[in-house]
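# Residue-level structural notes
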Amino acid sequence: MNSGIAKFSFPTTIYFGAGAIDNLPQYLQDITIKKPLLVTDPGMLKTDVFPKVEGILKSSGIAFGLFSRVNPNPLDSDIQKAVDIYSDEGCDGVIGLGGGSALDAAKMVQVIAGHGGKVNDYDISTGGNQNIRGPLPPMIAVPTTSGTGSEVGSCSVITSVALGRKFLVCSPLLIPSIALLDPELTLGMPAALTAGTGMDAFTHCLEALSVKDFHPMCDAIALKGIEFVAQYLETAVKEPDNIEARGHMQLAAMMGAVAFQKDLGAAHSLSHSLSAVCHVPHGLANAICLEPVMKFNRESCLEEYAKVAACFGVNTFDMSLEEAAGKAIEAVTDLKKRIGIPEKLSAVGVKEEDLEELTEKAFLDGCHQSNPRSCTRENLRDLYREVL
Ligand SMILES: [Fe+2]
């Protein structure tokens, strides 16, 4: 195959707008789901969202199965229990409702319901994902947070109870048939979660833009996502009922995940390790680590960062690329302050003695391999140390 041929793939059908959830029965019919399994987490049952979705389904006479015990980091045992309900209830499709965990779990329910076997049979690290050949039961993803963009992503992160570690399953067939983005479903998100998940979306856009692969479509999507975060994240944090801000953050999250089909970078390696070793929430970990990574990458990303500065409203017309790139880093620092992200990892419980394990796990993480500057163990340790 000619390696100079680029592949661009944007397969998800996306419905966006306040009140879109009211059309759920129609969307189910469009993709021929007669009896969905609704996959969600226990926290969602206590919100206004779950009864709303339940009411919409019931009032349309749509019978559904329910699995509402997805763990915050979904376990392979969760998936098996959900698949048992799927089979017992005679379901023929899946609705994932919630944050990234519920959506990731719902994706794997599709796989096991469609192909059988155990969840870790499909672990990407053993090549198991090659066994996902389709067709899979159809799925509608309904996100209630604005960060991971899992609703348009091709991966699922699952924790194996037996192995005691997370593993990744990725396949284009995991991309949900429909992403239903209704910003009204995100109104209940608390400020800290809005800030952290919003910075995750920002980091997806920024790291995707910085990766040196040729993908002009993802670059354009990443820049628009960055512009939305620059314009709307602070408002979403400070005015939780502002539907315009919530909607734009929902778009930014979705666009970040579309853009990072290009790949991610070192900030994600640092944050994956921080979540695994010190249980720092993913978006918050990204947010804290982003500035040292931007400074580290700066010389390799002058043009990209100059465009980021412009997204923040900086007039870069008379600036050198170096100066404009510096303004982008300043703008990120300023945004983080305004939305209450702490400067240092020590503020979220990370200690000096965690540094070696953090560094080792970050080095083993694959994301930094697509970072615009290659990273040694020492580089990663230094990046942590800058914000310790
Ligand atoms: Fe992320």
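## Examining the overall build of the protein
- Per the secondary structure count, the protein includes 14 helices and eight strands.
- A globule of 388 residues ought to have a C-alpha radius of gyration of about 21 Å, and the protein, at 20 Å, matches this closely.
- Looking at the protein as a whole, 49% of its 388 residues are labelled buried.
- By sequence separation, contacts in the protein at least 24 residues apart represent 77% of the contacts at least 6 residues apart.

## Considerations on the packing of helix α4 (residues 76–89) against helix α5 (residues 100–115)
- Running from amino to carboxyl end, α4 crosses α5 at an angle of 60°, the nearest separation of the two axes being 9 Å. Our classification of the angle between α4 and α5 gives oblique. Here α4 and α5 pass one another in a crossing that is right-handed. Judged by residue contacts, D78, I79, A82, V83 and Y86 of α4 engage A105, M108, V109, I112 and A113 from α5.

## Here's the deal with the sheet that holds strand β2 (residues 36–39)
- Spatial ordering of the open sheet is given by β1-β8-β5-β4-β2-β3, a layout of six strands whose pairing is parallel. Each end of this open sheet is capped by a strand with a single partner; those strands are β1 (13–16) and β3 (65–67). Neighbour to neighbour, the strand axes of the sheet diverge by 20° on average, direction disregarded.
- In this sheet, strand β8 (residues 178–181) lies alongside β1 in parallel orientation, the contact comprising four bridges. In the strand pairing of β8, I14 is matched with A179.

## Observations concerning the pairing of strand β5 (residues 139–143)
- Of all five residues in β5, five are buried, a share of seventy percent or more.
- Here β5 shows no split at all, with M139, A141 and P143 on one side and I140 and V142 on the other all buried.
- For strand β4 (residues 93–98) and β5, the ladder comprises five bridges, and the chain directions are parallel. Bridge pairing in β5 links V94 to M139.
- One crossover worth recording links β4 to the parallel β5 by way of α5, and it is right-handed.
- Bridging between β5 and β8 involves two bridges; their strand directions are parallel. Bridge pairing in β8 places A141 opposite A179.

## Description of the packing of helix α6 (residues 191–210) against helix α10 (residues 282–297)
- Packing of α6 against α10 brings their axes to within 8 Å, and their N-to-C directions diverge by 35°. Viewed along their axes, α6 and α10 form a crossing whose handedness is left-handed. Across from G196, T197, M199, D200, T203 and S210 in α6, the residues of α10 making contact are H282, G283, L284, N286, A287, L290 and N297.

## Digging into the domain arrangement of the protein
- The domain boundaries assigned to the protein delineate domain 1 (13–186) and domain 2 (191–386).
- Using C-alpha coordinates to define each centre, domain 1 is positioned 27 Å away from domain 2.
- Those elements that provide at least two residues to the side of domain 1 that touches domain 2 are β1 and β8.
- Residue composition of the side of domain 1 that touches domain 2, by class: seven nonpolar, eight polar and two charged.

## Structural notes on the nonpolar core
- In terms of nonpolar packing, the biggest core is built from 118 residues, with V39, V109, C205 and I226 touching the most fellow members.
- Tallying contributions element by element places helix α7 (residues 216–238) first for this core, with 12 residues.
- No fewer than three residues from each of domain 1 (13–186) and domain 2 (191–386) sit in this core.
- Once residues lying within four places of it in the same chain are set aside, the contact partners of I226 are F202, C205, L206, V308 and C311.

## Quick look at helix α12 (residues 321–338)
- A rise of 1.5 Å per residue sets the reference length of α12, with its 18 residues, at 26 Å; its end C-alpha atoms lie 26 Å apart and thus fit the reference within 8%.
- Along α12, the residues classified as buried are A324, A325, A328, A331, V332, L335 and K336. Taken around the axis of α12, the buried residues stretch over an arc of 130°, which confines them to a single face. For α12, exposure combined with an orientation more than 90 degrees from the buried face picks out E322, D334 and K337.
- At the exit of α12 stands G340, carrying a positive phi of roughly 80°.

## Topic: α5
- Look at α5: 23 Å from first C-alpha to last across 16 residues, which is about the 22 Å you get at 1.5 Å a residue.
- Counting buried positions along α5 gives 14 out of 16 residues, so the element sits mostly inside the fold.
- Of the residues flanking the end of α5, it is G116, one or two places downstream, whose phi is positive at about 75°.

## Points about the environment of F67
- Note on placement: F67 falls in strand β3.
- Given 25 C-beta atoms within a 10 Å radius, F67 is considered buried.
- Distance from F67 to S150, taken between C-alpha atoms, is 19 Å for residues 83 residues apart in sequence.
- Not counting the four nearest positions on each side in its chain, F67 is found in contact with L37, V39, K81, A82 and I85.

## Digging into unusual backbone geometry
- Phi at D263 is positive, roughly 130°, even though this residue is not glycine.
- For D263, the location among the structural elements is in the loop between α8 (243–259) and α9 (266–278).

Rules used throughout
The numbers attached to residues start from 1 for each chain and follow its sequence in the written order. Where local features are concerned, this predicted model is filtered to residues with pLDDT of at least 70; where side-chain atom pairs are given and counted, the filter is 80 or more; whole-chain, interface and lining totals use all residues. A run of DSSP states H or I qualifies as a helix once it reaches four residues; a run of E qualifies as a strand once it reaches two. Both are numbered from the N-terminal end. Only C-alpha atoms enter the radius of gyration; for comparison, a globular chain is expected to reach 2.2 Å times N to the power 0.38, where N is the number of residues. Comment: burial labels come from other C-beta atoms within 10 Å of the residue's own C-beta, placed from the backbone, where a count of 20 or more is buried, 12 or fewer is exposed, and between is partly exposed. This entry defines residue contacts through backbone-placed C-beta atoms, with two residues in contact when those atoms are within 7 Å. An axis is simply a line fitted to the C-alpha atoms; with a helix, the fit covers only the stretch in contact. Between two such axes, the angle follows the N-to-C directions and lies from 0 to 180 degrees. Reported orientations rely on four angle classes, namely roughly parallel under 35 degrees, roughly antiparallel over 145, roughly perpendicular from 65 to 115, and oblique for the rest. The crossing is said to be left-handed when, going from far helix to near helix, the turn is anticlockwise and less than a right angle, and right-handed when the turn is clockwise. Any two strands with at least two DSSP-identified bridges between them are counted as paired. Whether a crossover is right-handed depends on one test, that the path from the first strand over the helix to the second runs clockwise when the strands point away from the viewer. What counts as a domain boundary in this text is fixed by an automatic or database domain assignment. Residues are sorted three ways: Asp, Glu, Lys and Arg are charged, Ala, Val, Leu, Ile, Met, Phe, Trp, Tyr, Cys and Pro are nonpolar, and all the rest, Gly among them, are polar. For this analysis, nonpolar core means a set of buried Ala, Val, Leu, Ile, Met, Phe, Trp, Tyr and Cys residues linked through C-beta atoms within 7 Å. The length a helix should cover is 1.5 Å for every residue beyond the first. Relevant arc is that of directions from the helix axis to the C-beta atoms, nothing else.

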